[in-house]
Amino acid sequence: MTFSDNRSQPISAVRVWSGRVVSGIMVVFFLMDAVLHLMKPAPVIEAFHRLNVPVGLSTGLGVLELVLVMLYLVPMTAVSGAILLTGYLGGAVAIQLRAGSSAFETVFPAILGVGFWLGLFLRRRSEWVSAFFGG
């Protein structure tokens, strides 16, 4: 398989804006979650108890979410940010499984991970897109 140089091919404005919208939704959701982890309102405390996670980890998780979102937003580190966010969300899936949560609560972090990658895929021009998706 060879990689073509598709940098000269224009990327559609609709695709770029779709990617920005999807990425924006993911970022806003994660920023809200980070703020809630930092503020620790009653529902967050209850969720931590239900999942058997020490509430003291809430602040660290909120800061980590902020850092990962910032990495995702910077074009040069967006792929690294998406990889690290995927790992973070994988941990969320594992905790939900361990706690015996509902199917939706367990799958939701994975859906968010797909959203981050979809936003990145739509807003970027890259060789792997051409190689694997013909785009």
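Refer to the structure printed above.
Summary of the structure given here. As the structure is a computational prediction, the values presented were derived from the model and not from experiment.

### Remarks on the side chain of Glu 65
Next up, step 1: The residue Glu 65 is located in helix α3 (residues 57–73) in this model.
Next up, step 2: Buried within the structure, Glu 65 lacks any salt-bridge partner; Lys 40 is the closest side chain of opposite charge, at an N-O distance of 12 Å.
Next up, step 3: Side-chain polar atoms of Glu 65 contact the side chain of Tyr 88, separated by 3.2 Å.
Next up, step 4: In contact with Glu 65, not counting residues within four places along its chain, are Phe 30, Asp 33, Ala 34, His 37 and Tyr 88.

### A few points about the packing of aromatic side chains
Next up, step 1: Taken as a whole and assessed by the stated rule, the structure comprises 5 aromatic pairs.
Next up, step 2: Here the aromatic rings of Phe 29 and Phe 108 are separated by 5.6 Å at their centres, their planes lie at 75 degrees, and the arrangement is edge-to-face. Here Phe 108 lies in helix α5 (residues 103–123) and Phe 29 lies in helix α1 (residues 13–39), a separation of 79 residues in the sequence.
Next up, step 3: Ring geometry for Phe 30 and Phe 116: centres 5.2 Å apart, planes at 85 degrees, overall edge-to-face.

### Things to note about the pattern of salt bridges
Next up, step 1: On inspection of all chains with the given rule, the structure shows 1 salt bridge.
Next up, step 2: Glu 105 serves as the salt-bridge partner of Arg 50, at 3.2 Å between the closest nitrogen and oxygen. Pair noted here: Arg 50 is in helix α2 (residues 42–50) and Glu 105 is in helix α5, with a separation of 55 residues, a long-range link.
Next up, step 3: Given the relative accessible area of 30%, Glu 105 is considered partly exposed.

### Concerning helix α4 (residues 78–99)
Next up, step 1: With 22 residues, α4 should reach 32 Å at 1.5 Å per residue; the first-to-last C-alpha distance of 31 Å fits that figure.
Next up, step 2: Of the positions making up α4, those classed as buried are Ala 78, Gly 81, Ala 82, Leu 85, Tyr 88, Leu 89, Val 93 and Gln 96. All buried residues of α4 lie within an arc of 150 degrees about the axis, which places them on one face of the element. Looking at α4, the residues exposed on the side facing more than 90 degrees away from the buried face are Ile 83, Leu 97 and Arg 98.

### Points about the layout of surface pockets
A probe matching the size of a water molecule, rolled over the atoms, marks out where space remains unfilled.
Next up, step 1: Each pocket or cavity is described by its volume, and for the largest pocket that value is around 750 Å³.
Next up, step 2: Looking at the largest pocket, it is lined by 26 residues, and the ones nearest its centre are Asp 33, His 37, Leu 51, Ala 92 and Gln 96.
Next up, step 3: At the level of elements, α1, α2, α3, α4 and α5 are the ones that each hand at least two residues to the lining of the largest pocket.
Next up, step 4: When residues in the lining of the largest pocket are grouped by element, the largest group, 6 residues, is from α4.
Next up, step 5: In terms of residue class, the lining of the largest pocket is built from 19 nonpolar, 3 polar and 4 charged.

Rules behind the numbers
Residues numbered from 1 in each chain as written. Predicted model: local features only at pLDDT ≥ 70, side-chain atom pairs only at ≥ 80, totals over all residues. Heavy atoms only, no water. Helix = DSSP H or I, 4+ residues; strand = E, 2+ residues; numbered from the N terminus. Buried < 20%, exposed > 50% of the residue type's maximum accessible area, 1.4 Å probe, protein only. Lys, Arg positive; Asp, Glu negative; His and termini not counted. Salt bridge = Lys/Arg side-chain N within 4 Å of Asp/Glu carboxyl O. Polar contact = N/O pair within 3.5 Å; in protein donor to acceptor, adjacent residues only side chain to side chain. Contact = heavy atoms within 4.5 Å. Phe/Tyr/Trp six-rings, centres within 6.5 Å; stacked < 30°, edge-to-face > 60°. Expected span 1.5 Å × (residues − 1). Arc of directions from axis to C-beta. 1 Å grid on protein atoms, 1.4 Å probe; cavity = no way out; pocket = protein on both sides within 12 Å on 5 of 7 lines; lining within 4 Å. Points joined across faces, edges and corners; volume = space filled by probe spheres on them. Nonpolar A, V, L, I, M, F, W, Y, C, P; charged D, E, K, R; others polar.

These figures capture arrangement, not role.
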